[in-house]
Amino acid sequence: MSTATEERAPEQAFAGPRRDILNRGFAGLSRGAAITILVTLALVATFLVKEALPALTANPSDLADQVDWLKDEPGRSLWPVIASLVFGTVIIASLALAIAAPVSYGIALFISHYAPRRMAAGLGYVIDLLAAIPSVIYGLWGAFIFIPAILPALEWIERSFNWLPFLRGRVIATETTMVNGQEVVTQVFSVGTGRVALSAGIVLAIMILPIITAVTREVFLQTPVLHEEAALALGATRWEMIRMAVIPFGKPGMIGATMLGLGRALGETMAVFMILSPWSIPRFSVSVLEPSAHNTIAANIALKFPEANSMGVSALIAMGLALFVITLAVNMLARWIISRRSEFSGAN
Amino acid sequence: MAAVVEQGTLTLEPLSRRRATVDRLMQAAVYAAFTLALIPLVWLIVTVISRGVGRFMIDSDGESHFNWDFLTQSMRGVYGGMPAGGILHAATGTLIITLIAAAISVPIGLLTAIYVVEYGRGPLKRAITFFVDVMTGIPSIVAGLFAYALFAVLAGPGTKTAIVGAVALAVLMIPVVVRSSEEMLRIVPNELREASLALGVPKWLTVLKIVVRTAFAGITTGVMLAIARVIGETAPLLIAVGVADSMNWDPLDGRMMTLPVYIVSEYRKGPQPCNNPDVACIADITVQRAWAAALVLILIVMALNLIARLIAKYLSPKTGR
């Protein structure tokens, strides 16, 4: 492998300067390809900034004149709209994560420590199938099949818990009734057609299960067998062994995997686009059951882009830039956490 | 071991009923988690199959018998609730765009993997490994915006052609190809490289003819899985390529339809009005088209996955590890 060996080798079949040129050429070629990747990433950032600049530097009234979904009013100009979309994106992604993370850990444990060894690889493949299904098909299934199916459940949750501000539907009517000679105003809430942040969150959760499961499973499988056997030898039950040996060892990996899932959920477009109502006007609504109140950056770009004029495109690219920065930060943090684990673990 | 001792859990009480119950409960929870994940998978696949065959059962006169019209027609001249129209143009578009994306990303991805495994050292190697991981997390819609912005500068604003979409998909595909090729190159035994170099074979030939050849099946598997992943990408194509109703063979000129975008555009058309009883008309034909296209897309993706796994299983060399 070392270059010293190479230089001392008898140069018969591949002798002469040609060999040297080809050797250097190939090394340079592969190095060039590698550098291309770094350049591409830099270009992504550069071009997004360049194309976003017109919208970012235009004054709000000019922008409102040219872009129909922006207005020169408080809360409806570019930055507040981006902020409300970031809010919607974070809410929906967090919901997805809150649902997907525990289930994924369970699946990872099932594959690594509960299922028979022979089946483990096959079961992992079954979970990977969930990742293979294109997101547009999740969107179609979510919009036509899943939401109508869970609508009664959503309505029940809303009816039972609408005293909680984050589980309250949209006010569709106010009724005034006379109780003991006093007017009592009651509000009637509705979850509409069920196209709410919670539905989008559930479908996203299904989509990010595989990535969280795959990374967590790998980490769980790397738990030193000695730790596990020691725990069992001390009389631990299987769950206690997992709590004492597997989870402490795998914790950084679990956190990293979860953040990778978050990164995926933040950037997911089509499923959210097809599930949320197209006429959603994003607001800072904390209720995950309020219809037409949330939208995500990615879904909003997909919705507005086909009909956008040049300034509209610029404004949408500014949103894309915000999404890029957020997902980049989340992913870099996730990778850093995961790589830190592999450096310090004695198991590898 | 140290962790266990430090936590002070070294002395475990005798197995009490409580501990046994907790153990059982957690076992049940873990089994439940796995079952829970299977529900949407089965539900979705069954739905796509059962709803997807509907469009194949209608011919252009609105009669119901099995036919292949959906695969052999484009959407040219199809309007309203006409029981016609298919995915020929979309399937062609998907094929063209995916092939171009693969042609861009496979050489770059493979060469980068070769650099990382065979040549790389120091900060550049670390930077590449790290940023390839980061690149995996680029949202697909951002890749689409990037390609659009790039071509807006290169070819004028508003350029929406297949090549723009292919560049967007390539951005998404490269890190996947690098990752999988890297893993495959790594498991090639060092003895093979050393034997080749000892025979006086130059390094570049060793890499190409020994290392890459040994890992070839694995690399092919990785590339096919990467294709399977980008073939269903919708958002970047919606932005960078747009929609079209007719065939377009030219990746450098004009918009081109693709299968995933076809699904969305049929979905967004919604039910069609059927007012004239003399004309064959099906109100939910658009929905049927969307499901049928979803069925075709899922079959393509599953086939790619299956072929990839079969290649990995039967063609990979036995490394003895």
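Going by the structure above, here's the rest.
So, here's what we can say about the structure. (Residues numbered from 1 in each chain as written. Chains lettered and ligands numbered in written order. Predicted model: local features only at pLDDT ≥ 70, side-chain atom pairs only at ≥ 80, totals over all residues. Heavy atoms only, no water.)

For chain A, the count of helices and strands is 12 helices and two strands. Mapped from its N terminus to its C terminus, chain A presents α and β elements in the order α-α-α-α-α-α-β-β-α-α-α-α-α-α. Against the globule reference of 20 Å for 348 residues, chain A gives a C-alpha radius of gyration of 27 Å, more extended than a compact globule. The principal-axis extents of the C-alpha atoms in chain A amount to approximately 105 × 65 × 35 Å. Taken across its 348 residues, chain A has 54% of its residues classed as buried. When contacts within chain A are restricted to residue pairs at least 6 apart in sequence, those whose partners lie at least 24 apart make up 74%. As presented, chain A carries roughly 15,300 Å² of accessible surface, and 63% of it is formed by carbon and sulfur atoms. Separation between the mean location of the 24 positive side-chain charges and that of the 23 negative ones in chain A comes to 8 Å. (Helix = DSSP H or I, 4+ residues; strand = E, 2+ residues; numbered from the N terminus. Rg over C-alpha atoms; globule rule 2.2 N^0.38 Å. Buried < 20%, exposed > 50% of the residue type's maximum accessible area, 1.4 Å probe, protein only. Contact = heavy atoms within 4.5 Å. Areas by Shrake-Rupley, 256 points an atom, 1.4 Å probe, with all protein chains shown as cover. Lys, Arg positive; Asp, Glu negative; His and termini not counted. Charge placed at Lys NZ, Arg CZ, Asp CG, Glu CD.)

Of regular secondary structure, chain B possesses 13 helices and zero strands. When its helices and strands are written in sequence order, chain B yields α-α-α-α-α-α-α-α-α-α-α-α-α. What you see for chain B is a C-alpha radius of gyration of 26 Å, clearly larger than the 20 Å of a compact globule of 321 residues, by over 25%. Overall, the C-alpha framework of chain B stretches about 80 × 70 × 40 Å when taken along its three principal axes. Per-residue burial over chain B gives 54% buried out of 321 residues. Long-range contacts, defined as pairs at least 24 residues apart, comprise 71% of the intrachain contacts of chain B with a sequence gap of at least 6. For chain B, the computed accessible surface area is about 14,300 Å², with 65% contributed by carbon and sulfur atoms. Within chain B, the 20 negative side-chain charges are centred at a point lying 10 Å from the centre of the 26 positive side-chain charges.

All names here are of chain B. Enumeration over the complete set of coordinates arrives at one disulfide over all chains. The disulfide bridge from Cys274 ends at Cys281, spanning 1.8 Å between sulfur atoms. Taking the torsion about the sulfur-sulfur bond, which here is approximately -75 degrees, the covalent link between Cys274 and Cys281 counts as left-handed. A relative accessible area of 35% places Cys274 in the partly exposed class. (Disulfide = S-S within 2.5 Å.)

Attention now moves to the pattern of salt bridges. Across all of its chains, the model carries 11 salt bridges over all chains by this definition. Among the salt bridges present, the one from B:Asp133 reaches A:Arg335, with a minimum N-O distance of 3.8 Å. With B:Asp133 in helix H5 (residues 122–136) and A:Arg335 in helix H12 (residues 310–344), the pair connects residues from two separate chains. Note that B:Glu182 and B:Arg179 form a salt bridge whose closest N and O atoms lie 3.2 Å from each other. Here the residue B:Glu182 and the residue B:Arg179 both occupy positions in helix H7 (residues 162–186), the gap between them amounting to three residues, near one helical turn. Relative accessible area serves as the criterion here: at 5%, B:Glu182 is assigned to the buried category. What you see here is one network of salt bridges that share partners, running through A:Arg335, B:Asp133, B:Arg179, B:Glu182 and B:Arg186. (Salt bridge = Lys/Arg side-chain N within 4 Å of Asp/Glu carboxyl O.)

Before going further, it helps to spend a moment on the nonpolar core. Within the largest apolar cluster, 213 residues are counted, with the highest numbers of intra-cluster contacts made by A:Ile137 and A:Tyr138. By residue number, the principal contributor to this core is helix H4 (residues 78–114) of chain A, which donates 18 residues. When near neighbours in sequence (up to four residues on either side) are disregarded, A:Tyr138 contacts A:Leu130, A:Ile133, A:Val203, A:Ile206, A:Met207, A:Ala271 and B:Leu44. (Core = buried A, V, L, I, M, F, W, Y, C linked by side-chain atoms within 4.5 Å.)

This part is about the interface of chain B and chain A. Counting residues at the interface gives 95 residues for chain B and 89 residues for chain A. Here chain B packs against chain A, burying approximately 8,600 Å² in sum over the two surfaces, 80% of which is carbon and sulfur. Interface area lost by chain B to chain A is led by B:Phe34, B:Trp204 and B:Tyr267, which between them contribute 8%. Connecting chain B to chain A are two salt bridges. Counting every contact that joins chain B to chain A gives 10 residue pairs in polar contact (both at pLDDT 80 or more). (Buried area = accessible area lost by both parts, 1.4 Å probe. Polar contact = N/O pair within 3.5 Å; in protein donor to acceptor, adjacent residues only side chain to side chain.)

Looking now at unusual backbone geometry. Positive phi is not limited to glycine here, since A:Ser292 has a value of about 55 degrees. Relative to the helices and strands, A:Ser292 resides in the loop between helix H10 (270–275) and helix H11 (297–304).

All names here are of chain A. With 25 residues, helix H7 (residues 197–221) ought to run about 36 Å at 1.5 Å a step, and its terminal C-alpha atoms sit 35 Å apart, in line with that. The axis of H7 is deflected most strongly, by about 40 degrees, at Ile208, and proline Pro210 appears within four residues downstream. Judged by how many residues are buried, H7 sits mostly within the fold: 21 of 25 residues are covered. (Expected span 1.5 Å × (residues − 1). Bend = angle between axes of the 7 residues up to and from the residue.)

Where H4(A) contacts helix H2 (residues 17–52) of chain B, the two axes come as close as 8 Å, and the packing angle between them is 110 degrees. One finds that H4(A) runs roughly perpendicular with respect to H2(B). Side by side, H4(A) and H2(B) meet where A:Val103, A:Gly106, A:Ile107, A:Leu109, A:Phe110 and A:Tyr114 of the first sit next to B:Met26, B:Gln27, B:Val30, B:Tyr31, B:Ala33, B:Phe34, B:Leu36 and B:Ala37 of the second. Looking at the contact of H4(A) with H2(B) residue by residue, the class counts come to 12 nonpolar, two polar and no charged. (Axes fitted to C-alpha atoms, helices over the stretch in contact; angles between N-to-C directions. Parallel < 35°, antiparallel > 145°, perpendicular 65-115°, else oblique. Nonpolar A, V, L, I, M, F, W, Y, C, P; charged D, E, K, R; others polar.)

Here we come to the packing of aromatic side chains. This structure, assessed with the given rule, holds 20 aromatic pairs over all chains. Ring geometry for A:Trp141 versus B:Trp43: centroids 5.1 Å apart, planes at 90 degrees, classification edge-to-face. With one member in each of two chains, A:Trp141 in helix H6 (residues 135–161) and B:Trp43 in helix H2 form a pair that bridges those chains. Residue class for B:Trp43 comes out partly exposed when judged on its relative accessible area of 30%. Between A:Phe146 and B:Trp43 the ring centres are 5.8 Å apart and the planes differ by 65 degrees, which places this aromatic pair in the edge-to-face class. Highlighted residues: A:Phe146 in helix H6 and B:Trp43 in helix H2, drawn from two different chains. Members of the aromatic cluster, each reached through a chain of ring pairs, are B:Phe56, B:Phe66, B:Trp68, B:Phe70 and B:Tyr262. (Phe/Tyr/Trp six-rings, centres within 6.5 Å; stacked < 30°, edge-to-face > 60°.)

Our next topic: the side chain of B:Arg55. All names here are of chain B. The residue Arg55 is located in the loop between H2 and helix H3 (69–72) in this model. Buried charge without a partner: Arg55 forms no salt bridge, and the closest opposite charge is Asp69, 5.4 Å away. At 3.0 Å, the side chain of Arg55 and the backbone oxygen of Gly85 are in polar contact. If sequence neighbours within four positions are ignored, Arg55 has contacts with Asp69, Phe70, Gln73, Pro83, Ala84, Gly85, Ile285, Gln288, Arg289 and Ala292.

A few words on the packing of H6(A) against helix H12 (residues 259–269) of chain B. Contact pair H6(A) / H12(B): the axes reach a minimum separation of 9 Å and the direction vectors enclose 25 degrees. Considering the angle they form, H6(A) stands roughly parallel to H12(B). With respect to the hand of their crossing, H6(A) and H12(B) are arranged in left-handed fashion. The residues of H12(B) that touch H6(A), namely those facing A:Val136, A:Ile137, A:Leu140, A:Ala143 and A:Phe144, are B:Pro260, B:Ile263, B:Val264 and B:Tyr267. For the contact of H6(A) with H12(B), the per-class residue count stands at nine nonpolar, no polar and no charged. (Left-handed = near helix turned anticlockwise from the far one by under 90°.)

Here strand S1 (residues 170–179) of chain A pairs with strand S2 (residues 182–190) of chain A via nine bridges, running antiparallel. Along S2(A), the bridge assignment pairs A:Glu175 with A:Thr186. (Pairing = 2+ DSSP bridges.)

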